[in-house]
Amino acid sequence: MIVAGIDIGSRSAKAAIMKDGEIVGSVIRDTGAESIKTAYQAIETALHNANLELDDLNYTIATGYGRVLVPFANDNVSEISCHARGVNWYFPSVRTILDMGGQDCKAINCDDKGAVTNFIMNDKCAGGTGRFLEMIADVLNTPLTEIGDLALASKSARPFNIVCAVFAKSDALHYLRQGVQKSDIMAGLNEAIGTRCLSLLKRVTIEKDFAITGGIAKNKGMVAKLTEKVGMTPMLSPDPQLIGAIGAALFAMDRCQGNKVISSPKVNYGYSDGTGVYYITMDSAKCNGCNACVETCPNGLFSLSYEDGKKSAVIKKEMLKKISQVCPGISVCRNQRENTCESVCKSNAISHSW
Ligand code: SF4
Ligand code: SF4
C-alpha cells in the first residue's frame, strides 16, 4: 500500500510518501504564489525520491492552509488533526503539542490514539511564527538557519514587549543602533516569544509529554527557551516540519486495506466567501450517534439520521446552503461558548477548517 500526505502551508509545502507504513520519500519546499503548481511539484519530488510515480499512490490526503486546492488529493483533513496524528506516530505518550508554523501557532491536546481533544490557535499576531522570525533574521542580517544558535550565545538578553511584530522590529532596530549584541537581541525576542507560547499552551492543558512541531522546532534557541518556560523537554521528531504531512499520510493509510481503497465515509460541507474557503467535515464512520453536537450547536446545524440501523449526525438540509451565515466558524464560536460541536465530539467525527 502506497499513500501520500501533502501539507500546503502558508510559507512551505511538505509531502511525505509512505509504503507499507514506512516513510519512503519526503520533501519540503517554499509554497510560492501558485498553490496548485507547488502541490504537484512537491508530490512529484517526494515520489521521485522514493522511485515512484503519481499513479502508484493508492490514496492521498491533503492538509494545511491550501489543502482544498490540491487537485490529486482524495480528501483533506485539518492540520490540527494531522499534527496530532503525526506526533502520536512517533511519540504515543505526547498529550500536549505546540505547532509553530509559518503564519500561526497552535496549542493542541491529544489522546493516546493521537485524536485531538482540545486546541487553540493564535493567528492574530505574528509573534512566534516563521514569518516573524524571517523578519527578525532580516533585521539582524543573519541567516534564518543561524538565529537559533545566535540566541544561545547571549550573555545579557534584552527585554522585548512583543505585543506586535511591528513594535518588536522597531525595538530590535533601536537596540542595534545602540550597539547591543545581536545575540542579546535574539535571546530577548526568544524570551518574549516563549512567554507568549506558554500563555497559549495554558489555554489548553499542559500535560506530559510535550512535543513541538513546525519549522521553528528546528531553532535550537527557541527550543531551549520553550524547554525552560514549559518545564518539560520537548519531543522532537527527525523533521518536525514534516509532521503534518506524515499525519496526513497516516490518515490516508486508514482509508486503505491492502491495496484496496475504502470509499470515504467523510463528507465536506463547504462554502467560500471573501475571507477564505471554509469547510465542516463530518466523518460518519467515526460518529456513534451520541447527539452531543446536536445539543451543543447554538444554531441548530445538526440532526441525527438513521440509516441501515446506524445513527449518525448530519448537517440539516435546510442549513447546507447557509452555513456561512449560521455557523460563525469554530474560532468565533469558541470565544462565545465554552463548548463547540468539535470539542464535544469525543469520536473526532467533526472538524472545521477555515
Ligand atoms: S462551530 Fe459552533 S455554530 Fe458552527 S457548527 Fe459548530 S457548534 Fe455550530
Ligand atoms: S458529537 Fe460526534 S459522535 Fe456524537 S453525534 Fe455528533 S458527530 Fe456523532
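Relevant structure appears above.
Residues numbered from 1 in each chain as written. Chains lettered and ligands numbered in written order. Predicted model: local features only at pLDDT ≥ 70, side-chain atom pairs only at ≥ 80, totals over all residues.

## Focus: the overall build of the chain
Working step 1: Along the backbone of the chain there are 13 helices and 16 strands.
Working step 2: Within the chain, contacts between residues separated by at least 24 positions form 66% of all contacts whose residues are at least 6 apart in sequence. (Helix = DSSP H or I, 4+ residues; strand = E, 2+ residues; numbered from the N terminus. Contact = placed C-beta atoms within 7 Å.)

## Description of the site of ligand 2
Working step 1: Looking at ligand 2, there are 14 residues lining it, with Cys 287, Cys 290, Cys 293, Ala 313 and Cys 345 nearest.
Working step 2: If you list the elements that add at least two residues to the shell around ligand 2, you get α9 (292–296) and β15 (310–315).
Working step 3: Across the shell around ligand 2, the residue classes tally to nine nonpolar, five polar and no charged. (Near = placed C-beta within 6 Å. Nonpolar A, V, L, I, M, F, W, Y, C, P; charged D, E, K, R; others polar.)

## A short note on unusual backbone geometry
Working step 1: That bond from Lys 208 to Asp 209 is cis: its omega, -15°, falls within 30 degrees of zero.
Working step 2: Topologically, Asp 209 is positioned in the loop between α6 (182–202) and β9 (210–213).
Working step 3: Despite not being glycine, Asp 20 shows a phi value in the positive range, around 50°.
Working step 4: Looking at where Asp 20 falls in the secondary structure, it is placed in the loop between β2 (12–19) and β3 (22–30).
Working step 5: A residue is classified by how many C-beta atoms lie within 10 Å of it, and Asp 20, with 9 of them, is exposed.
Working step 6: With a phi angle near 60°, Asn 51 is a residue other than glycine that sits in the positive phi range.
Working step 7: Note that Asn 51 resides in the loop between α1 (35–49) and β4 (59–63).
Working step 8: Since 9 C-beta atoms lie within 10 Å of it, Asn 51 is described here as exposed. (Buried ≥ 20, exposed ≤ 12 C-beta atoms within 10 Å, placed from the backbone.)

## Some words on the sheet that holds strand β5 (residues 75–76)
Working step 1: Read from one edge of the open sheet, five strands run β3-β2-β1-β4-β5, paired in mixed fashion. Every interior strand has two partners, whereas the edge strands, β3 and β5, have only one.
Working step 2: Pairing of β4 with β5, which is carried by two bridges, proceeds in the parallel orientation. Residue pairing across strands places Ile 61 opposite Asp 75, the latter belonging to β5.
Working step 3: Its contacts with the sheet put α1 on β1 (2–8), β2 and β3, and the angle it makes with β3 is roughly 145°. (Pairing = 2+ DSSP bridges. Axes fitted to C-alpha atoms, helices over the stretch in contact; angles between N-to-C directions.)

## Overview of the pairing of β9
Working step 1: Side chains Phe 210 and Ile 212 of β9 all project onto a buried face; the interleaved residues Ala 211 and Thr 213 project onto the opposite face, where all are buried too.
Working step 2: Two elements, strand β6 (residues 96–100) and β9, share four bridges in a ladder whose sense is parallel. When the bridges of β9 are listed, Leu 98 appears paired with Ile 212.

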